[in-house]
Amino acid sequence: MTTTPSRDRHFHVPAVELFLEDPVRCRFLPTLTLDGIAVTDAGQHHLVLTLAGIARFYIGPDDTTVARRARILTAALSRHLEAAHADLIGQWIQWCWDSLLDELVDRITQTLT
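Bear in mind that the values here come from a model prediction, so they are computed numbers and not experimental data.

**Q** Any chance you could explain the overall build of the protein chain here in plain terms?
**A** Each helix and strand counted, the protein chain has two helices and five strands in total. In sequence order, the protein chain lays out its α and β elements as β-β-β-β-β-α-α. Expressed as a percentage of its 113 residues, the buried residues of the protein chain come to 37%. For the protein chain, the proportion of contacts with a sequence separation of at least 24, taken over those separated by at least 6, is 37%. Here the protein chain has roughly 6900 Å² of accessible surface; of this, 56% comes from carbon and sulfur atoms.

**Q** Looking at this structure, I do not really get the pattern of salt bridges. What am I missing?
**A** Think of it this way: side chains of opposite charge can pair up when their charged atoms draw near. Inspection of every chain in the model, using the stated rule, returns two salt bridges. As a salt-bridge pair, Glu17 and Arg56 come within 3.9 Å of each other at their nearest N and O atoms. On the criterion of sequence distance, the pair formed by Glu17 in strand S2 (residues 16-26) and Arg56 in strand S5 (residues 55-59) is long-range, its members being 39 residues apart. On the accessibility criterion, Arg56 (18% relative accessible area) is buried.

**Q** What should I look at first to understand the pairing of S2 in this one?
**A** Two faces, one strand: in a regular strand the side chains alternate between the faces of the sheet. Direction of pairing for S2 relative to strand S3 (residues 29-39): antiparallel, over a ladder of seven bridges. Of the residues in S3, the one forming a bridge with Val16 is Val39. Hairpin connection from S2 to S3: two residues lie between these consecutive antiparallel strands.

**Q** Would you mind going over the packing of aromatic side chains with me for this structure?
**A** Summed over the entire model, instances satisfying the criterion amount to one aromatic pair. Between Phe28 and Trp95 the ring centres are 6.2 Å apart and the planes differ by 50°, which places this aromatic pair in the tilted class. Of the two residues, Phe28 sits in the loop between S2 and S3 while Trp95 sits in helix H2 (residues 83-112), which places them 67 residues apart along the sequence.

**Q** Where do I start with the state of the cysteines in this structure?
**A** Cysteine pairs can be covalently joined through their sulfur atoms, and such a bond is termed a disulfide. Taken as a whole and judged by the stated rule, the model has zero disulfides. Sulfur of Cys26: no disulfide; nearest cysteine sulfur belongs to Cys96 and is 7.5 Å away. Judged by its relative accessible area of 1%, Cys26 falls in the buried class. Judged by its relative accessible area of 9%, Cys96 is buried.

Thresholds applied
- Residues numbered from 1 in each chain as written.
- Predicted model: local features only at pLDDT ≥ 70, side-chain atom pairs only at ≥ 80, totals over all residues.
- Heavy atoms only, no water.
- Helix = DSSP H or I, 4+ residues; strand = E, 2+ residues; numbered from the N terminus.
- Buried < 20%, exposed > 50% of the residue type's maximum accessible area, 1.4 Å probe, protein only.
- Contact = heavy atoms within 4.5 Å.
- Areas by Shrake-Rupley, 256 points an atom, 1.4 Å probe, with all protein chains shown as cover.
- Salt bridge = Lys/Arg side-chain N within 4 Å of Asp/Glu carboxyl O.
- Pairing = 2+ DSSP bridges.
- Phe/Tyr/Trp six-rings, centres within 6.5 Å; stacked < 30°, edge-to-face > 60°.
- Disulfide = S-S within 2.5 Å.

Structure (structure tokens):
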């Protein structure tokens, strides 16, 4: 992972971005990528997603906010895609979030043992 100070983003919060070496592409919308995570000074985590290499946005820092922002993106995409297709993209975002949480729990658990 590489780090960089964050710039203006959609759903932006002041945070440091930690980028994956290879962004993970959404299998349902290949122009949507998980680029890494953003971590605030308070220790909150956000997914950093990019759409079409142009629009970067944060999804986080909690389950409720992730679900709401995924619904916002799904609603916007459903204007251009079938609703079922847009829903799969929302589920992919949720899977990314769940994977991040699983990874964080594993890391915390390892430091406690």
